[in-house]
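Secondary and tertiary structure notes
Chain by chain, the residues:
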Amino acid sequence: MKLLDVVALTEDLPELGLHRGQVGTIVEEYEPGVFEVEFSDLTGKAYAVETLNASQLMTLYHQQLVEKLLAN
């Protein structure tokens, strides 16, 4: 994961008002595997900014991954 990657939560975080599947953008990397993620609505208005571990996130892709194509 890297700066500006689009990610989704892999677990519910009700204490933060966030739930599995919500989509955000990595806006800062504090140390390896620790990121600040901004969650925004469809108009672009941020509704949460949280520090999360890589284990709580999955990277989303908008196109096929070349590595997967080469493996087949």
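Here, the structure is the one placed above.
This report concerns the structure included in the present document. Along each chain, numbering runs from 1 in the same order as the chain's sequence is written. For this predicted model, a pLDDT threshold of at least 70 governs which residues receive local features, and a threshold of 80 or more governs which side-chain atom pairs are given and counted, while totals over whole chains, interfaces and linings are taken from all residues. To get the side-chain values, all heavy atoms of the structure are used, and hydrogens and water are removed first.

With that settled, the discussion passes to the overall build of the protein. Under the scheme used here, helices are H or I runs from DSSP no shorter than 4 residues and strands are E runs no shorter than 2 residues, and both carry numbers assigned from the N terminus. Scanning the protein from terminus to terminus reveals 1 helix and 5 strands. If you list the helices and strands of the protein from N to C, you get β-β-β-β-β-α. For every residue, the accessible area (1.4 Å probe, protein chains only) is compared with the maximum for its type, and the residue is labelled buried under 20%, exposed over 50%, or partly exposed between those bounds. Taken over 72 residues, the protein has a buried fraction of 24%. For the protein, long-range pairs separated by at least 24 residues make up 34% of all intrachain contacts whose partners lie at least 6 apart in sequence. Carbon and sulfur atoms provide 53% of the accessible area of the protein, an area that totals close to 5,200 Å². The contact rule is simple, with two residues in contact once any of their heavy atoms fall within 4.5 Å. Per-residue and other accessible areas were derived by the Shrake-Rupley procedure at a 1.4 Å probe size, with only the shown protein chains allowed to occlude residues.

Two strands are said to pair when DSSP picks up at least two bridges between them. Pairing in this open sheet of 5 strands is antiparallel, and the strands run 4-3-2-1-5 from one edge to the other. Of all strands in the sheet, those bounded by a partner on one side alone are strand 4 (46-53) and strand 5 (57-59). Across the sheet, the axes of successive neighbouring strands diverge by a mean angle of 40 degrees, strand direction being ignored. Relative to strand 4, strand 3 (residues 34-40) runs antiparallel, the two being bridged by 7 bridges. Counterpart to Phe39 in the pairing with strand 4 is Ala48. Every angle, taken between N-to-C directions, lies between 0 and 180 degrees, and every axis is a line fitted to C-alpha atoms, over only the stretch in contact when it is a helix.

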